[in-house]
Amino acid sequence: MTRAKTKDKTHVIRVHEYGGPDVLKREEADIGEPGPGEIRIKQTAIGLNFIDAYMRSGLYPQDALPFVPGTEGAGIVTALGEGVRTLKVGRRVAYAGHTGSYAEERLIAADRVVRIPDSVSDEVAAAVMLKGMTAQYLLRQIFKVGPKTTLLFHAPAGGVGTIACQWASSLGATVIGTVGSAGKALIARSHGCTHVINYREEDFVAQVKEYTGGEGVDVVYDSVGKETFPGSLDCLKRRGLWVSFGQSSGPVPEFRINLLAQKGSLVATRPSLWDFIATRKELVSTANDLFDVLAKGAVRVSVNQSFALKDAADAHRAMEGRQTTGSSVLIP
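Cut-offs applied
Residues numbered from 1 in each chain as written. Predicted model: local features only at pLDDT ≥ 70, side-chain atom pairs only at ≥ 80, totals over all residues. Heavy atoms only, no water. Axes fitted to C-alpha atoms, helices over the stretch in contact; angles between N-to-C directions. Helix = DSSP H or I, 4+ residues; strand = E, 2+ residues; numbered from the N terminus. Parallel < 35°, antiparallel > 145°, perpendicular 65-115°, else oblique. Left-handed = near helix turned anticlockwise from the far one by under 90°. Contact = heavy atoms within 4.5 Å. Nonpolar A, V, L, I, M, F, W, Y, C, P; charged D, E, K, R; others polar. Pairing = 2+ DSSP bridges. Domains from an automatic or database assignment. Buried area = accessible area lost by both parts, 1.4 Å probe. Salt bridge = Lys/Arg side-chain N within 4 Å of Asp/Glu carboxyl O. Polar contact = N/O pair within 3.5 Å; in protein donor to acceptor, adjacent residues only side chain to side chain.

- The name recorded for the protein chain in an unreviewed UniProt entry is Quinone oxidoreductase, from Methyloceanibacter stevinii.

In C-alpha cells form, the structure reads like this:
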C-alpha cells in the first residue's frame, strides 16, 4: 500500500434515524486504510443534491442505520490499496454514485473515480459529477436531443437544469422551462431556455401548447414529481416521452398505465443515473462527455452556494426550501 501522511481520525455526518435535517449529526470516525482495489481520499468539496435528502428522510431507504449520506465529491488521493496501478498519491479525483460522501476523508473503489482535468476546479468537479452526468444520460442516452427537438424541462434553474438546458441549447434544441419566480426565470433564460413559464402565474400546459402550435413537445424532463403530474403528460405530442427523474415536490401519484394510451400512446420512464454508469467503461465515457462540453464552454457551471460540512443540516434546509439556485457544495 502507498500512502501520504494522514491522520487516524476524521469527521463525518451520520444519520442514525430517518427524519428532517436535524438528524444529520457530525461525529468523529476512524476511516481506516484502503483495502485491495480501494483508495483513500482527503475530500476538498462535496456535492449537495436532492438525493441526499431522500436518503436522510428514508424516502430512499439505506441498507442499514447509521449511515453517511451523500453520493458525490472531489479530493486528493492520500493512499492506495493493494492492486491499484492507475492512480497516484496526490492525484485529484472526483466521483458520483458511491454513498458516504459527507466526510472529511473516505475510502472508495479506485475504479469508481475519474481524474479531474486541469481546467476544472475541485468545487466544480464535486458539484457537476452527479448533476452533469445526469444531464448527459438525459440528453444523450434516454433521448437523443438534437436541432429538431423541442423539450420541456421543469426546474431549469436548479443544479441539473442549468447544466441540461445549456447542453440542450448547444445541441440546437428548443428548450421550454418552468419556474416558480421571476428570479429563477432570469436564471433559466441565461442558461439556455428559449421560453420560460412561471407556473405560479401561468398555466404551463396551455403555454407549452401555445409555444408549440398546439402540437406539444417531444420529451418532458421532470424532476418535480407530484406538482407537475399529470400536467407533464398533457404537454407531450403523440408518442412523446415523459422522463420522471426526481420528485422534489413529492412522489408522483399512482396512476393506471392506460392513462398513457389515452393521452397519445405516450412513453414513460423512471431512470436512475447508476444504471448508466454501472461499468467502468460507462462511467468514464459519461464523465468524459461531460468534461468535453465543459472544456468547449458549451456548459458553464457556477457553484452558487457553499456550506461548511458541519452545517449540512442548514444546507438541507436551504435546498429543500428551494432557496438555492444552480449548484451547491459542502466544504470539509
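Moving on from the model shown.
## Topic: the packing of helix α2 (residues 122–142) against helix α3 (residues 159–170)
Reasoning step 1: Interaxial distance between α2 and α3 falls to 9 Å at its minimum, and their mutual angle equals 45 degrees. Between α2 and α3, the interaxial angle falls into the category oblique. The chirality of how α2 crosses α3 is right-handed. Between α2 and α3, the contacting residues are Val 128, Lys 131, Gly 132, Thr 134, Ala 135, Gln 136, Leu 138, Leu 139 and Arg 140 on the first element and Gly 159, Val 160, Ile 163, Ala 164, Trp 167 and Ala 168 on the second.
Reasoning step 2: Residues belonging to the contact of α2 with α3 are distributed by class as follows: nine nonpolar, four polar and two charged.

## As for the sheet that holds strand β10 (residues 174–179)
Reasoning step 1: Strand order in the open sheet made by the six strands is β11-β10-β9-β12-β13-β14, with parallel pairing throughout. The open sheet has two edge strands, β11 (195–198) and β14 (267–269), and neither has a second partner. Sheet twist, expressed as the mean angle between neighbouring strand axes with direction ignored, is 15 degrees.
Reasoning step 2: As paired strands, strand β9 (residues 150–154) and strand β12 (residues 217–222) are joined by three bridges and run parallel to one another. If you follow Leu 151 over to β12, its bridge partner there is Val 219.
Reasoning step 3: Each of β9, β12, β13 (236–244) and β14 is contacted by α2, which is oriented at about 145 degrees to β13, the strand it contacts most.
Reasoning step 4: Sheet contacts for α3: β9 and β10; angle to β9, the most-contacted strand, approximately 170 degrees.

## Description of the domain arrangement of the protein chain
Reasoning step 1: If you check the domain split of the protein chain, you get domain 1 (10–129 + 274–330) and domain 2 (143–270).
Reasoning step 2: Relative to domain 2, the C-alpha centre of domain 1 lies at a distance of 28 Å.
Reasoning step 3: With 17 residues of domain 1 in contact, the opposing surface of domain 2 contributes 19 residues.
Reasoning step 4: Each partner contributes to the roughly 1300 Å² buried at the junction of domain 1 and domain 2, and carbon and sulfur atoms together form 54% of this total.
Reasoning step 5: Counting across the interface, domain 1 meets domain 2 through zero salt bridges.
Reasoning step 6: Here domain 1 is connected to domain 2 by six residue pairs in polar contact (both at pLDDT 80 or more).

## Points about the pairing of β13
Reasoning step 1: Alignment of β12 against β13, held across five bridges, turns out to be parallel. Bridge assignment links Val 220 to a residue of β13, and that residue is Trp 242.
Reasoning step 2: Inspection of the sheet shows β13 paired to β14 by three bridges, in the parallel sense. Paired with Val 243 across the two strands is Thr 269, which belongs to β14.

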